[in-house]
Amino acid sequence: MIRAASWYPGRMRWRALLVLVALAVVGCAEQRDGPGPVTLVFKHAKILGPSDPMPGLLREFERRHPGVVVRSESLTWTSDEQHQFYVINLEGASPTFDVLMLDVIWVPEFAQAGWLLDLSPWVTREELAPHFPAAVEAATWGGRVWAMPWNMNVGVVYYRADLLAKYGLRPPTTWEALAEQAERVRAGERDRRLDGVLWQGKQYEGLVCNVLEHFWGSRAELLGPDGRVLPEPHRAEAALAFMRGLVDRGLSPGWVTAGDEELTRRPFGDGHAVFLRSWPYALDLFEAPDSPVRGRVGVAALPGHLDGAGGVGATGGSHLAVNRRSRHAEAAVALVRYLASEPAERALTAAGVALYPTRMALYHDPEIVRARPTMPLFHDLMLAARPRPVTPYYLMLSTTVQPEFSAALVGVKTPRQALAQARHRLEYMLGGLR
Amino acid sequence: MTARERADRRAGLAFVAPAALTLVVLALYPGLWVLWLSLQQRIPIFGIARFVGLDHYAFLAGDPRFWNAARVTLVFTGASVALELVLGLAVALALQRQRVGRRLALSLLLLAWALPSVVTAKLFEWLYHPSAGLVNVLLGGRAFNWLGDPALALPGLILADVWRTMPFVALLCYARLLTIAPEVYEAARVDGAGRLATLTSVTLPLLRSILLVALLFRTLDALRAFDLMYVLTGGGPANTTETLTVYAYRSLFQTLQLGFGAAIGVVIFGLVMAIAAGYLRALRREGLAA
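Please read these numbers as outputs of a predicted model, since none were measured by experiment.

Trainee: So what about the overall build of chain B? Which residues, and what values?
Mentor: Across its full length, chain B holds 12 helices and two strands. Starting at the N terminus and ending at the C terminus, chain B contains elements arranged as α-β-β-α-α-α-α-α-α-α-α-α-α-α. Its C-alpha atoms give chain B a radius of gyration of 24 Å, clearly above 19 Å, the size a compact globule of 290 residues would have. Summarising its shape, the C-alpha atoms of chain B cover approximately 80 × 75 × 30 Å along the three principal directions. In chain B, buried positions account for 35% of the 290 residues. For chain B, restricting intrachain contacts to residue pairs at least 6 apart in sequence, the fraction spanning at least 24 positions comes to 67%.

Trainee: Explain the domain arrangement of chain A to me, and be specific about the residues and the numbers.
Mentor: Residues and elements named next belong to chain A. When its domains are assigned, chain A resolves into domain 1 (33-152 + 315-356) and domain 2 (156-312 + 393-431). Listed by partner, the interface residues are five residues for domain 1 and five residues for domain 2. Residue classes in the side of domain 1 that touches domain 2 are distributed as four nonpolar, no polar and one charged.

Trainee: Quick one: what's the story with the interface of chain B and chain A, residue by residue and with numbers?
Mentor: Between chain B and chain A, the contact holds 31 residues from the first and 32 residues from the second. It is helix α11 (residues 244-254) of chain B that provides the largest number of residues to the side of chain B that touches chain A, a total of three residues. Looking at side-chain class alone, the side of chain B that touches chain A contains 14 nonpolar, 12 polar and five charged residues.

Trainee: Describe the environment of Leu199(B), listing the residues and the values that go with them.
Mentor: Following the sequence through the fold, Leu199(B) ends up in helix α9 (residues 195-223). For Leu199(B) and Thr22(B), which are 177 residues apart along the polypeptide, the C-alpha to C-alpha distance reads 44 Å.

Trainee: Before we move on, could you go through the sheet that holds strand β8 (residues 195-198) of chain A and cite the residues and values that matter?
Mentor: Residue and element names in this part refer to chain A. Within the open sheet, the four strands sit side by side as β8-β9-β7-β10. Their pairing is mixed. Two strands lie at the open edges of the sheet, namely β8 and β10 (297-300), each paired on one side alone. Geometrically, the sheet is characterised by an average inter-axis angle of 15° between neighbouring strands, direction not taken into account. Across the sheet, helix α8 (residues 175-189) is in contact with β8 and β9 (273-278); its angle to β8 comes to roughly 150°.

Trainee: Any details on unusual backbone geometry? Residues and values, ideally.
Mentor: Looking along the chain, the bond that leaves Gly236(B) and enters Pro237(B) is cis, with omega of -10°. Along the polypeptide, Pro237(B) turns up in the loop between α10 (227-232) and α11. Not every positive phi belongs to a glycine, and Arg190(A) is a case in point at roughly 50°. With respect to the helices and strands, Arg190(A) occurs in the loop between α8 and β8. Note on Arg190(A): 7 C-beta atoms within 10 Å, which makes it exposed.

Procedures and definitions
- Residues numbered from 1 in each chain as written.
- Chains lettered and ligands numbered in written order.
- Predicted model: local features only at pLDDT ≥ 70, side-chain atom pairs only at ≥ 80, totals over all residues.
- Helix = DSSP H or I, 4+ residues; strand = E, 2+ residues; numbered from the N terminus.
- Rg over C-alpha atoms; globule rule 2.2 N^0.38 Å.
- Buried ≥ 20, exposed ≤ 12 C-beta atoms within 10 Å, placed from the backbone.
- Contact = placed C-beta atoms within 7 Å.
- Domains from an automatic or database assignment.
- Nonpolar A, V, L, I, M, F, W, Y, C, P; charged D, E, K, R; others polar.
- Pairing = 2+ DSSP bridges.
- Axes fitted to C-alpha atoms, helices over the stretch in contact; angles between N-to-C directions.

Set out below in structure tokens:
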């Protein structure tokens, strides 16, 4: 038989339908249960790592809040699917979950849509102060607090410490120096399989992070403080042209234009590249016992550009928020604050999961630093980092510029054409909204 | 009409009613709703909901991204379906003549077909890897940038789709071949037909109807292709692999322009219906459809 849908085998669809029916039944049942125990539903992505600290944390929360039971429900795997799930359920005013884990870039969008509970009455500025400024910036919108920062990511550059040392080089602070170093090491090594620098150039969200980092390093912006799109087109053009140049000069292999995190992480991890732009999660994998580059990888701040600013990494990560339709707002807010509390973030970090906390003090905590010696360095990188533009239009902005950036990288358009068209399209779309 | 006939008629209607009702609830109602949605500017997160008539369609008519997506969809459909039919037929004929290991071959064929398409896409992500991928190694260590080169990305996706769905055509044809009575071939031999003549005058005409069915299914499926490009290239590089369904998905679920996305959906629906109607007419001529 032919399959029911083009991207889901029929059986999966039925299973999904069953889950929906089950959810509906559960939702109806909850409506009736009156004063008895409160059941909070917590939607979150599966947390990867040697052990899952979540059940322990949730039981501890239940112990502290008698009469509250937390049921955690896993989200689907990819970020796009999670966004789709939330959009459908929150727009449908579904109260079937109370607390949600969400990508930082969705917070203003969901807040603007009226889907999130305003946390300002509970969460003060003081309570947010121990978190990284970039995370706090991404959790607030229009002067209100919509989410609690929970975990964090930052763009960094990895380098082969052994190779740089061999040629007497120090980690570069500008992209131009990085390119020169990559050239020298490759010329010296004469290894045809050794690439210079790997980064993420596939047409997806990761590309926007990479381009933004080059923009910021050149004092260019995608969205100016006054809401203007690409206010410094010449600097932005130069940054894009530099990225394209990395490919043209052979310092980056042509396939970075299709590379995502894992496709670029693996060759570097196998020892086939001098530099890699990626996220902190990769370090644990490079230092794994069976890793060919174990003990030979260094991590540094992203370089800037000549005549530009210092390098700035883009941040990512996830936050915790409360569904505005939740019937147990007080308990839900308590859960969010508990999970973002110092003991809870500490427990998550100590469990060795591939997530980094948003609380700055943990990065200098002796116990944690002993297990993860790079924490103080990541502290400095995250402190200097910036969030992607914090605006409810972020996804529209990002998906509109992705094909244009991609076109400039593969040479279908010049950087000037690509940026002019991106700007034209964005002004048209955002113009209708503001 | 006699009383008996009228009673039969009523019973018939009663039997059809549940199916008709299901169709109305699950297909007609949402379909009409999408049509209505496509006439509105609706962006719920900004509280925008107003009737704009055919504005979205007018915008699409002059939207280069839309025409690019339409072109990509048609090229993808035409090339992948053509290759799948030719290769599927060849595999079915080879299976028919195979003496040893036929069950193993069938299982292997089914495997490719049975894999969830996201798994297939991930598999091809590594097969196409420019330095470590098997495809480039087999091509003598050439560094083809399969998914990152604007000229190669779409052919790469077409090949992946052919790998995945060719078994469907092969199995359909093979099943039909099994039902051809050996006497037919004997008669052909007695008449002195050679291998080529047997193929063109006996086998192919007998396969004609099943090939049409395969063509119908495959075309409609390919027109709605989404998963491969979504996972493998995200529509890139530079939108060279963005199909209409990917464009609709991005507008609907990523940027939440419900009205605009619905308009793209309606265009896809119209395209699929027009092609389906053409095929159904052909099938009717074959006497296969009522």
